[in-house]
Amino acid sequence: MLQRCRDEGRAALVGYLPVGFPTVDGSIEAMRALVESGVDIIEIGVPYSDPVMDGPVIQDAAVRALEAGVRVDDAFTAARAVVDSGAAALVMTYWNPVLRHGVERFAADLADAGGSGLITPDLIPDEAGEWIEAADRHGLDKVFLVAPSSTPDRLAAVTSACRGFVYATAVMGVTGARAQVGHAAQDLVARTRSVTDLPVCVGLGVSTGAQAAEVGRFADGVIVGSALVRCLTEAPSPGEGLARLRKLAAELADGVREARA
Amino acid sequence: MSHAPVGRFGGFGGRYVPEALIPALEQLDEERRKARVDPEFVGELERLHRTYTGRPSIITEVPRFAEHCGGARVILKREDLNHTGSHKINNVLGQALLTKRMGKTRVIAETGAGQHGVATATAAALLGLECVVYMGRKDTERQALNVARMRLLGAEVVAVEHGSQTLKDAVNEAFRDWVANVETTHYVLGTVTGPHPFPEMVRDFHRVIGVEARQQVLDLVGRLPDVVCACVGGGSNAMGIFHRFLDDAEVRLVGLEAGGSGIASGHHAARFSTGEPGVLHGAYTFVLQDEDGQTIESHSVSAGLDYPSVGPEHAHLRETGRAEYRPITDDEAMEAFALLSRTEGILPAIESAHALAGAMQLGRELGPDAVILVNLSGRGDKDVHTAAQWFGLLDDSGSPEPAVSPEDPTGTGVQQ
């Protein structure tokens, strides 16, 4: 998928939504809406009770999804639906739900559902031996994170463990929309490119088409999370939430397409 | 090629955190290793312990309490007499000195009962550091006095509104702050869990408890104790007193967890009774969790033990059989609380009362020849309101109830 976007001379648009909010079916419908609006890759979030990397918007959605009874298995159902609608599906999850499910079993279930791989925000390659083996067995992508604080040594070690792409968290801090795109993002992408040929996707709180365009000029993928989730959490009704989601996704999709025009 | 895993106790421990924090953890690990062998750092910490904390803390034999422990000899290690009222200051002064050494100017901390928050606020005041303490909303209510103490010491206290609004959520929020401000900020983690090097470093700062106590018991009794009892929330006071005894194979090490309303009730914090191995807050250890790996909320009358996970070294000690762990219910802990207060004139922290209840059990099992060392990790001043409510000593307005019988002021029927 990233290669196809590269061939089109543009960055990929990566959209995050947690499975199970407002309901499992509702979240899958929302993911399909993203694909129809031009999102290339869906990051399916597994709601977790202790999301230390997430800001208030995603925390809130996770809490509500868990209260509504979402289960880990629902992420595989969502992955199948996303793949069937024509996009690539990656699962983003804190590590404990994978451990509890069983690392090998999680990899097998994800591969069976057609998922591309896993993004692991609280698992560094140093601790990921079991996951790396399972991912290799099942041909899954291993997306680890790099950060502005990463030293050259760490960048080299982390990127060499990645497959698929490298996830650059371009600001220090939790997830959430931010008003400005900083220089730190471009700098981190450049430093990452100096140690790997893998595509580098950037997550830093993008919430508008203009910001997507700006990041799309220097990154291989633009990751949008909180701004999309907020369309759903703040809407007065599920229908209105979907409408807002389609509108924002289309604006972001235009952004990445205009970036290098 | 990745780096090898670090900070393991058997299979437990490790470093399950976002990449963004790894450089800070590596810096911390390097600095604490250097500091450990730097005479200037070691000397400064010793001087502070001597002239500020009040170390060495004394031991006290408690014969009237021991009558309720099968007649065994019971000796308390008095960490409650430390400045700020608990063992927490041992670790905090060490980490605050490391903060200065790393050139950072701001500290953050999580707190449950408030003891670690108070200790951190104290060290920050002493060393001129900015201080923010995260505390679950529910804990700010049940430990209101400690919130006021931290504010008086110049710290900002942030009440955490989400999740279970207790210690685990305060830790989540402290991690979020740390990721955003790691350049200027050190996270003074308050117990022996979290990502490496915290479990090892915090243990090392508390190790002084066991080093002192072992010699003090030898001097008093002429031999080592048969049992060492300590309460285990995250497990810092327990690791502190256990560690010096690890090689003394004849000394039983017993950790007491919060059994809450009883294991069968599901309302407890007994990780070793119903928990399963997993990752929480950066460490692979025992965690109260459901079949999807979601953390289950813990329950205890004691805010300081109300935590769904436990230090990874404790998980290792349990697995190897070197230490054993038992749950103590709220009722048992409060009985021990009242008993020590009335027989010895010492108000223990409710956390430490779990260790006392453990000593009552073990004394009855072992009989009068046994010597039991109990880590009295904190004092009960902060718990007066909770205890007064528990024993019905307050009228409806929260004021002291004037009509309590002088013969049985606790209303528990506990005999002297």
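Heads up: these notes are all about the structure in this document. Bear in mind the structure is a predicted one, so any value in this text is a computation, not a measurement.

Topic: the overall build of chain B
And step 1. Within chain B, the secondary structure is distributed over 16 helices and 14 strands.
And step 2. Here chain B has a C-alpha radius of gyration of 20 Å; the compact-globule value for 416 residues is 22 Å, and the two agree.
And step 3. When its C-alpha atoms are laid out on the principal axes, chain B stretches across 65 × 50 × 50 Å.
And step 4. Counting the 416 residues in chain B, one finds 63% classified as buried.
And step 5. Within chain B, counting contacts between residues at least 6 apart in sequence, those at least 24 apart form 74% of the total.
And step 6. For chain B, the accessible surface area stands at approximately 14,300 Å², while carbon and sulfur atoms represent 51% of it.
And step 7. For chain B, the distance from the average position of its 39 positive side-chain charges to the average position of its 56 negative side-chain charges is 5 Å.

What to know about the overall build of chain A
And step 1. Secondary structure summary: chain A contains 12 helices and nine strands in total.
And step 2. Relative to the 2.2 N^0.38 estimate, which gives 18 Å for 261 residues, the radius of gyration of chain A is 17 Å and therefore close to what a compact globule would have.
And step 3. Pairs at least 24 residues apart make up 71% of the contacts formed inside chain A by residues separated by at least 6 positions.
And step 4. Split by element, the accessible area of chain A, about 9,200 Å² in all, is 49% carbon and sulfur.

Brief notes about the nonpolar core
And step 1. The biggest cluster of nonpolar side chains holds 184 residues, and the ones touching the most others in it are Ile44, Trp131 and Val202 of chain A together with Trp178 and Phe242 of chain B.
And step 2. Inspection of this core shows a minimum of three residues originating in each of domain 1 (8-41 + 88-202) and domain 2 (54-85 + 207-390) of chain B.
And step 3. Not counting residues up to four positions away in its chain, the partners in contact with valine 202 of chain A are Ala168, Ala170, Ala185, Val189, Val215, Phe218, Ala219, Gly221, Val222 and Ile223 of chain A.
And step 4. Core analysis: the next-biggest nonpolar cluster, separate from the first, contains 39 residues, Val74, Val227, Leu376 and Ala387 of chain B among them.

Things to note about the packing of aromatic side chains
Residue and element names in this part refer to chain B.
And step 1. Taken as a whole and assessed by the stated rule, the structure comprises 10 aromatic pairs over all chains.
And step 2. Residues phenylalanine 12 and phenylalanine 286 carry aromatic rings whose centres are separated by 6.0 Å and whose planes lie at 40 degrees to one another, so their mutual orientation is tilted. Of the two residues, phenylalanine 12 sits in strand β2 (residues 12-13) while phenylalanine 286 sits in strand β12 (residues 283-287), which places them 274 residues apart along the sequence. Judged on exposure class, the residue phenylalanine 12 and its partner phenylalanine 286 are both buried.

Some points on helix α15 (residues 350-366) of chain B
Residue and element names in this part refer to chain B.
And step 1. Under the 1.5 Å per step criterion, the end-to-end length of α15 is 24 Å for 17 residues, consistent within 8% with the ideal 24 Å.
And step 2. In terms of burial, α15 is a largely internal element, 13 of the 17 residues being buried.
And step 3. One or two residues past the end of α15 sits glycine 367, with phi positive at roughly 85 degrees.

Re helix α7 (residues 129-138) of chain A
Residue and element names in this part refer to chain A.
And step 1. Among all positions of α7, only Trp131, Ile132, Ala134 and Ala135 are buried. End-on, the buried residues of α7 take up no more than an arc of 165 degrees, which puts them together on one face. Opposite its buried face, α7 presents the exposed residues Glu133 and Arg137, each directed more than 90 degrees away.
And step 2. Looking at the buried residues of α7, the elements they touch are α5 (95-101), α6 (103-112), β4 (117-119), β5 (141-143) and α8 (152-161).
And step 3. Trailing α7 by a residue or two, glycine 139 shows a phi angle of about 65 degrees, which is positive.

Quick word on the sheet that holds strand β3 (residues 88-92) of chain A
Residue and element names in this part refer to chain A.
And step 1. Strand order in the open sheet formed by nine strands is β5-β4-β3-β2-β1-β9-β8-β7-β6, and the pairing between neighbours is parallel. The two strands at the open ends of the sheet, each matched to only one other strand, are β5 and β6 (145-146).
And step 2. Pairing of β4 with β5, which is carried by three bridges, proceeds in the parallel orientation. Bridge assignment links leucine 118 to a residue of β5, and that residue is lysine 142.

Rules behind the numbers
- Residues numbered from 1 in each chain as written.
- Chains lettered and ligands numbered in written order.
- Predicted model: local features only at pLDDT ≥ 70, side-chain atom pairs only at ≥ 80, totals over all residues.
- Heavy atoms only, no water.
- Helix = DSSP H or I, 4+ residues; strand = E, 2+ residues; numbered from the N terminus.
- Rg over C-alpha atoms; globule rule 2.2 N^0.38 Å.
- Buried < 20%, exposed > 50% of the residue type's maximum accessible area, 1.4 Å probe, protein only.
- Contact = heavy atoms within 4.5 Å.
- Areas by Shrake-Rupley, 256 points an atom, 1.4 Å probe, with all protein chains shown as cover.
- Lys, Arg positive; Asp, Glu negative; His and termini not counted.
- Charge placed at Lys NZ, Arg CZ, Asp CG, Glu CD.
- Core = buried A, V, L, I, M, F, W, Y, C linked by side-chain atoms within 4.5 Å.
- Domains from an automatic or database assignment.
- Phe/Tyr/Trp six-rings, centres within 6.5 Å; stacked < 30°, edge-to-face > 60°.
- Expected span 1.5 Å × (residues − 1).
- Arc of directions from axis to C-beta.
- Pairing = 2+ DSSP bridges.

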